[in-house]
Amino acid sequence: GEIIHLENYQPTDFILERVDLTFELDPTETKVEARLIFHRRENVDVNAPLVLDGDELKMTGLLLDQETIEPAHYDAAESSLTIRNLPASAPFEITITTEINPEANTTLMGLYRTKNIYCTQCEAEGFRRITYFPDRPDVLAVYTVNIIAEKATAPLLLSNGNFLGGAGMGDGRHFAAWFDPHPKPSYLFALVAGDLGVVEDTFTTMSGRDIALKIYVEHGKEPRAAYAMDALKRSMKWDEDVFGREYDLDIFMIVAVSDFNMGAMENKGLNVFNDKYVLADSETATDADYANIEAIIAHEYFHNWTGNRITCRDWFQLCLKEGLTVYRDHEFSADMRSRAVKRIAEVRHLKSEQFPEDAGPLAHPVRPTKYREINNFYTTTVYEKGSEVTRMIATLLGADLFKKGMDLYFVRHDGQAVTIEDFVRCFEDASGRNLTQFALWYHQAGTPLVSVSVEYDTAKQSLTMALEQMVPATPGQPDKEPMHIPLRFGLLLPNGSEATATSVAGGEVTGDVLHLVERKQTVVFEGISSRPVVSFNRGFSTPINLHFEQSATDRAHIARHESDLFARWQALNDLATPNLVAATESARKGEPASVDPSQVETLLAAAADETLEPAFRAQVLALPSEADIAREIGSNNDPDAIHSGRQQVMTAIAKAGRDVFARLVENMAVSGSFSPDAASAGRRALRNSALSYLVYAENQAERAIKAFRDANNMTDLSQALTILAHRFPHDVSTTEALDEFKIRFEDNALVIDKWFGIQATIPGDGALQRVKALMDDPLFNASNPNRVRSLLGTYAFANPTGFNRPDGEGYRFLAKNILAMDPKNPQLAARILTSMRSWRSLESQRADHARNALRDIAGASKLSADVSDIVERMLK
Ligand code: B3K
Ligand code: ZN
């Protein structure tokens, strides 16, 4: 594929007025008739042809106003249809008939079959696999959809909008018609047909309209959709309360399918979900599953306004809908759960996924200016950093002006396909603040590094902060401008209270936000009665790397006294990090790690502090991951040394904290029947973390075996199994537990995914053999994306020692599997390949092996655009 550039954006020559689709569904020969009404846009050359997109299409008919078009007047190719000699200004109707094979469609884009269900996925460019069409997000039209199918096998016929009617056809077939009154781009089109069970409910909107809610799942799985339904109703209410957004059709449907390339899809009125993010009950779902379901149900629902009513002008603007909608779902979950704990989880995720992307060969701006394959830009930069940028706008403006800007956005752009510039202008107009410099967050890739030093002058009672920012070079962007960085901070006095300055010079400070706008900036605070401990980047107000030399005593002071709970966690995390880095260095030299006992005490004190909620304490006990440590070290990484250093630190903490952990295991037991609420989940998290440390301290499997036996929910059960498998992979009790788990849950694909995932993450030498053996397990299924992700994806993304073998076998194994997967499902192959994005930060032997494996992929014949785009950027 060629490279598409933002600067070449042009509106279409023809305006699409209406779309009428008729599907005659058949597993291998589905007929699609598309009737499209167009007119030429004003001032467009009368000779300009109509050019429509297509992908692997077989056209069986083409009419202009119901008349055959002469072959000389059109060109039909696999990827486009060009029609000439069209009316100068009058509207005209093009009728296109295509024939497609859903059964043979393994890409899971366009119309495909999963477990005898017809299902579509059109974002980003899947609609062109159904019919020739102006398949781009700035073409908005009203759709009518007629679906015809065999009644016995497809009693359910669904599409977007409101149901118009349907009936039997006397030949064993039946039809249904749907009308969506809201103009939409083709990527939001959906069709589902098949035989499914349903869970129904209703929601009364703020203006008193009753909305029918339906969640469709495989027959027999209805009880497992209850939590998703509850989450949906809470999402609808929250969007009314917090953003003033009301739902706009008579019906809202969700369909859960088991073969899906991603999490879910926000098609207008008919969301399609990976069933992993719909189905849950205490026996089969973990607390993390429940939290994900809540967040993703909310995310897709929130897209109805941020994405559907107001959509993207072009795919460069993807963060317009994704970053904003992630911000909205983050806020929703924060309101439903513990705000501080939610924020900690978000930042952990951002740092472990987005920061490496921003620091590696795949780095790109939140709003990119070029792409080869748009599917490769559904990235954590667009989503998570995009959300952080939205959060920074809220921080800069304050809650009221942010709300005013959002309201303006909804009023000004409803029904339009717009750009990031349009979005930002709403906040400028609502606040009167110039956001030109701030907007660099959309345009400059790379995580800014902010270095700070502070000096307190006792005589003058003043505090001087010297700040410096540096945005690293990224592919295509060697030089960067200074950014507008909203840095929240606190000045903590020795008694724990907070100092406020009598005056500030050298920069703008509003409330607790310092606006860093220069490359170098010195800010002086007057009237500070004694030397304060400075707590920087409260709430992670800005996604930066902070370089600030701070003593362990000062960090412990923050951990004890900060009013911002996130900052407390950050301080504890920052205390642990240097220990882990030092332990890595020792391990590399073959020396034992030395762990500072006072820091262990600080950590244990926080873990035992009953004034803090259990979920927060569990986050404190979860040390920086091996990937976090690798990122901290930055280059020349040896994953084995990181692993062994971290193990030693864990063991030291475990031994020192034995009593604390034993008490937590006792006290945090959750009694009564299972509830997925955040407080109970927090207790389970703390208890399981304590259990894991205890097992470290004792180095015996007994407690984990007992926990496995006693567990009455999937969180506890899978945690116990993980401890057993990771700590005692060769123990016979581990083998027994794994077998027992497999037999018990054999019929539940989502649980079997966990079974694969737990084994794929067992660290060390044996991992590759284990993963290879698991690929031969009868339960492995190479054409189910969830299964592939649970085994291959988990191995490559989440098993640093097992995957990054010094002999390079892990990379060669992955490369071989990527090449096997690519012809069938290029999107999935490309996504899993990004697991190698940080290969350059490995020590040279591993890096050489990684490069060679990537070159093998790059050199293969017939690569998809998806995989070749990723591999070429990774090798550049
Ligand atoms: N918009 C979809 C993602 C589509 C991905 C296409 N490759 C789900 C979401 O972000 O809500
Ligand atoms: Zn989204």
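Conventions adopted
- Residues numbered from 1 in each chain as written.
- Chains lettered and ligands numbered in written order.
- Predicted model: local features only at pLDDT ≥ 70, side-chain atom pairs only at ≥ 80, totals over all residues.
- UniProt positions renumbered as here; feature names shortened; annotations may be inferred.
- Helix = DSSP H or I, 4+ residues; strand = E, 2+ residues; numbered from the N terminus.
- Contact = placed C-beta atoms within 7 Å.
- Pairing = 2+ DSSP bridges.
- Buried ≥ 20, exposed ≤ 12 C-beta atoms within 10 Å, placed from the backbone.
- Axes fitted to C-alpha atoms, helices over the stretch in contact; angles between N-to-C directions.
- Near = placed C-beta within 6 Å.
- Nonpolar A, V, L, I, M, F, W, Y, C, P; charged D, E, K, R; others polar.
- Domains from an automatic or database assignment.
- Expected span 1.5 Å × (residues − 1).
- Arc of directions from axis to C-beta.
- Parallel < 35°, antiparallel > 145°, perpendicular 65-115°, else oblique.
- Left-handed = near helix turned anticlockwise from the far one by under 90°.

The name given to the chain in an unreviewed UniProt entry is Aminopeptidase N, and the organism recorded there is Pararhizobium capsulatum DSM 1112. Listed under Sequence similarities (unreviewed entry) in UniProt, the entry text for the chain is "Belongs to the peptidase M1 family." The Catalytic activity (unreviewed entry) comment attached to the chain in UniProt states, word for word, "Release of an N-terminal amino acid, Xaa-|-Yaa- from a peptide, amide or arylamide. Xaa is preferably Ala, but may be most amino acids including Pro (slow action). When a terminal hydrophobic residue is followed by a prolyl residue, the two may be released as an intact Xaa-Pro dipeptide."

*Asks:* Explanation requested: the environment of Asn804 in the structure shown.
*Replies:* Relative to the assigned elements, Asn804 resides in the loop between helix H23 (800–803) and helix H24 (809–821). C-alpha separation for the pair Asn804 and Arg425, spaced 379 residues apart in sequence, amounts to 46 Å. Once residues lying within four places of it in the same chain are set aside, the contact partners of Asn804 are Pro639, Gly810, Leu842 and Arg846.

*Asks:* How do you make sense of the sheet that holds strand S15 (residues 173–184) when you look at a structure like this?
*Replies:* Strand pairs in the sheet, formed through backbone hydrogen bonds, run parallel or antiparallel to each other. Taking strand neighbours across the sheet as the criterion, the eight strands line up as S6-S5-S9-S3-S2-S12-S15-S14 in an open arrangement whose pairing is mixed. Whereas interior strands pair on both sides, the edge strands pair on one side only; in this sheet they are strand S6 (67–68) and strand S14 (162–168). Relative to S15, strand S12 (residues 141–150) is paired through nine bridges, and the arrangement is antiparallel. Residue pairing across strands places Ile148 opposite Phe175, the latter belonging to S15.

*Asks:* What should I look at first to understand the pairing of strand S10 (residues 110–114) in this one?
*Replies:* The two faces of the sheet receive side chains in turn, since in a regular strand these alternate between them. Most of S10 sits out of view: four of its five residues are buried. The loop that links S10 with its antiparallel partner strand S11 (residues 117–121) comprises two residues; one of these, Lys115, has a positive phi angle of about 50°.

*Asks:* Explain the sheet that holds strand S32 (residues 533–536) here, please?
*Replies:* Here four strands make up an open sheet; going across it, the order is S29-S30-S27-S32 and the pairing antiparallel. The open sheet is flanked by strand S29 (508–510) and S32, the only strands paired with a single partner. Each adjacent strand pair in this sheet contributes to an overall mean axis angle of 35°, direction not counted. In this sheet, strand S30 (residues 513–516) lies alongside S29 in antiparallel orientation, the contact comprising three bridges. Counted as the bridge partner of Thr510 is Val513 from S30. Against the sheet, helix H9 (residues 552–561) contacts strand S27 (485–492) and S32, and its axis sits at roughly 70° relative to S32.

*Asks:* Would you mind showing me how to read the UniProt feature "domain: Aminopeptidase N-like N-terminal" (unreviewed entry) in the chain here?
*Replies:* The UniProt record marks residues 20–188 with the feature "domain: Aminopeptidase N-like N-terminal" (unreviewed entry), using the residue numbering of this structure. Across residues 20–188 one finds 0% helix and 52% strand; the C-alpha atoms that close the span lie 15 Å apart.

*Asks:* Sorry, what's going on with the site of ligand 1 here?
*Replies:* As a structural note, the neighbourhood of ligand 1 is formed by Glu123, Ala124, Met262, Ala264, Met265, Glu266, His299, Glu300, His303, Glu322, Asn375 and Tyr378. For the shell around ligand 1, the elements supplying multiple residues, two or more each, are strand S20 (264–265) and helix H2 (287–302). Residues of the shell around ligand 1, tallied by class, amount to five nonpolar, three polar and four charged.

*Asks:* Just to check I follow, could you spell out the domain arrangement of the chain for this structure?
*Replies:* Reports of interface size often rely on the accessible area that becomes lost once the parts have come together. Assigned domains within the chain: domain 1 (1–195), domain 2 (311–443), domain 3 (449–549), domain 4 (563–699) and domain 5 (745–876). Across the boundary between the two partners, domain 1 contributes 14 residues, which contact 15 residues of domain 2. Of the residues contributing to the side of domain 1 that touches domain 2, the split by class is nine nonpolar, two polar and three charged.

*Asks:* How should I be thinking about the UniProt feature "domain: Peptidase M1 alanyl aminopeptidase C-terminal" (unreviewed entry) in the chain in this particular structure?
*Replies:* The positions that UniProt labels "domain: Peptidase M1 alanyl aminopeptidase C-terminal" (unreviewed entry) are, in the present scheme, residues 553–876. Secondary structure within residues 553–876 divides into 72% helix and 0% strand; the distance between the first and last C-alpha atoms comes to 44 Å.

*Asks:* Before we go on, may I ask you to explain helix H26 (residues 844–859) in this structure?
*Replies:* In an α-helix, one turn spans 3.6 residues, which is why side chains three or four residues apart end up on the same side. If you check H26, its first and last C-alpha atoms are 22 Å apart, about what 16 residues at 1.5 Å a residue would give, namely 22 Å. Residues of H26 that are buried include every one of Arg846, His849, Ala850, Ala853, Leu854 and Ile857, and no others. Viewed along the axis of H26, the buried residues span an arc of 135°, placing them on a single side of the element. Seen from the open side of H26, the exposed residues pointing more than 90 degrees away from its buried face are Ser844, Gln845 and Gly859. Tucked inside the fold, the buried residues of H26 contact H24 and helix H27 (865–875).

*Asks:* Explain unusual backbone geometry to me, please; I cannot follow it from the model alone.
*Replies:* Most of the time, phi is negative for any residue but glycine, and the peptide bond is trans. Residue Glu123 is joined to Ala124 through a cis peptide bond whose omega torsion reads 0°. Residue placement: Ala124 occurs in the loop between S11 and S12. Of note, the phi angle at Asn43 is positive, near 70°, even though the residue is not glycine. One can find Asn43 in the loop between strand S3 (30–40) and strand S4 (50–53). Positive phi, close to 55°, is recorded for Glu56, a residue that is not glycine.

*Asks:* Explain the packing of helix H16 (residues 678–698) against helix H18 (residues 714–727) here, please?
*Replies:* Relative orientation and spacing of two packed helices are given, respectively, by the angle between their axes and the distance between those axes. Between H16 and H18, the shortest axis-to-axis distance is 11 Å and the interhelical angle comes to 20°. Taken together, the axis directions place H16 and H18 in an arrangement best described as roughly parallel. Viewed along their axes, H16 and H18 form a crossing whose handedness is right-handed. When H16 is examined against H18, the residues Arg684, Asn688, Leu691, Ser692 and Val695 are found in contact with a partner set consisting of Thr715, Asp716, Gln719, Ile723 and Arg727. A per-class count over the contact of H16 with H18 returns three nonpolar, four polar and three charged.

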